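Analysis of the macromolecular model
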Amino acid sequence: SDAAKKVFDAAGDQIKQWCYEGTKEMLRENHITQPSVYTVTMAAYEAFLEAMEKADKDFWSHIQIVGVSGFSLGEYAVLTAAGTVDELQKGIDIVIKRGNLMSFAGIDENGNPKGGMSAAFGERAEILECVELARENGILEAVNFNSPVQTVVAGDFAALDRFKEIAGQKKIKARPLSVSTAFHSPMMAPAAEALKDILRKSELKSPGVKVYSNVTAKDMMEDFEGPVGEESEFIADLMARQAMSPVYWQETIENMIADGAGVLVEVGPGTTLSGIVKKVK
């Protein structure tokens, strides 16, 4: 794809090297993961637009976009596609800084991870009960509400161990995820505060299409009550909160369908989201 190649060329040699030659261990490092996934997602998006241009014009003239959403880091790619982040290089700069901030927030004074994440399979209400029982004085929260039968929890290692034991007693399977720390949990509060300043300086624009927010699962701009021209600060604050807030993905998909979406297209590396969508009724 010529369009995808332009994205990789614009991203630069370092990111291209990570994407083309990076080892599995290297690509798990958050400051590498975030710009790499963002770049691949934007390349896939541009390739998708390129393919649409070559497709049957009469067919595409009947297609109406209901809205867009991105899972966690993917929300930054969505905001770029929607024009909120108006330059690819600006997006890369934001996600590199976001990755560094979240990595630092998730390690102790010796540079070791303070926490992690586990996917739990069972009824949401029962999983939330297990979270409450296991938290004690530690950090433990349900952070990704993916489907009626899958909820991801994040927290410190001791709390995750307690959660696994308690969940097992209720026949709920908990599987550790291959991530570097406890994303979207209160552990990310320092990162969120610093990220807010970065985003406020990024001159974010009002999106040109409806963007369903991770934090609210509804139109990102629905609660904006300020005057025209002050959308940037509102979006910056919302996206800073996103780093330490749960992702309501099940509700997002349900709202998109309720708003008339008949076809959902996944753009990015892998097909994880497509698999999750099939479990959302």
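Please refer to the structure higher up on the page.
Residues numbered from 1 in each chain as written. Predicted model: local features only at pLDDT ≥ 70, side-chain atom pairs only at ≥ 80, totals over all residues. Heavy atoms only, no water.

**Brief notes about the pairing of strand β3 (residues 150-156)**
Within β3, seven of the seven residues are buried, leaving the element largely enclosed by the surrounding structure. Relative to β3, strand β1 (residues 115-121) is paired through seven bridges, and the arrangement is antiparallel. Bridging across to β3, A120 finds its partner in T151. As defined by bridge partners, strand β2 (residues 140-147) adjoins β3 across six bridges and the pair is classed as antiparallel. The residue of β3 that forms the bridge with N144 is V152. Hairpin connection from β2 to β3: two residues lie between these consecutive antiparallel strands. (Buried < 20%, exposed > 50% of the residue type's maximum accessible area, 1.4 Å probe, protein only. Helix = DSSP H or I, 4+ residues; strand = E, 2+ residues; numbered from the N terminus. Pairing = 2+ DSSP bridges.)

**A short note on helix α1 (residues 2-11)**
Turning to α1, its buried residues are A3, A4, V7, F8 and A11. Down the axis, α1 shows its buried residues gathered within 140° of arc, on one side only. Turned more than 90 degrees from where α1 packs its buried face, D2 and K6 sit exposed. For α1, the N-terminal capping position is held by S1, with its side-chain oxygen 3.4 Å away from the main-chain nitrogen of A3. (Arc of directions from axis to C-beta. Polar contact = N/O pair within 3.5 Å; in protein donor to acceptor, adjacent residues only side chain to side chain.)

**Some details on the packing of α1 against helix α2 (residues 13-21)**
The interhelical angle for the contact between α1 and α2, taken along N-to-C directions, is 120°, at an axis separation of 6 Å. Classified by the angle between their axes, α1 and α2 sit oblique to one another. Together, F8, D9 and A11 of α1 and I15, K16, C19 and Y20 of α2 make up the contact between the two elements. Residues of the contact of α1 with α2, tallied by class, amount to five nonpolar, no polar and two charged. (Axes fitted to C-alpha atoms, helices over the stretch in contact; angles between N-to-C directions. Parallel < 35°, antiparallel > 145°, perpendicular 65-115°, else oblique. Contact = heavy atoms within 4.5 Å. Nonpolar A, V, L, I, M, F, W, Y, C, P; charged D, E, K, R; others polar.)

**Some remarks on the packing of aromatic side chains**
Summed over all chains, the structure comprises four aromatic pairs. Look at F71 and W249: their rings are 5.4 Å apart centre to centre, the planes differ by 65°, and that puts the pair in the edge-to-face class. Of this pair, F71 sits in the loop between α5 (57-60) and α6 (74-81) while W249 sits in helix α12 (residues 249-258); the two residues are 178 residues apart in sequence, bridging distant segments of the chain. Classification of W249 as buried rests on a relative accessible area of 4%. Ring centres of F145 and Y248 lie 5.0 Å apart, and the angle between their planes is 15°; this geometry places the pair in the stacked category. A residue pair is termed long-range when its members are at least 10 positions apart, and F145 in strand β2 and Y248 in the loop between α11 (231-242) and α12 qualify at 103 residues. Overall, F145 belongs to the buried group, its relative accessible area being 6%. For Y248, a relative accessible area of 27% puts it in the partly exposed group. (Phe/Tyr/Trp six-rings, centres within 6.5 Å; stacked < 30°, edge-to-face > 60°.)

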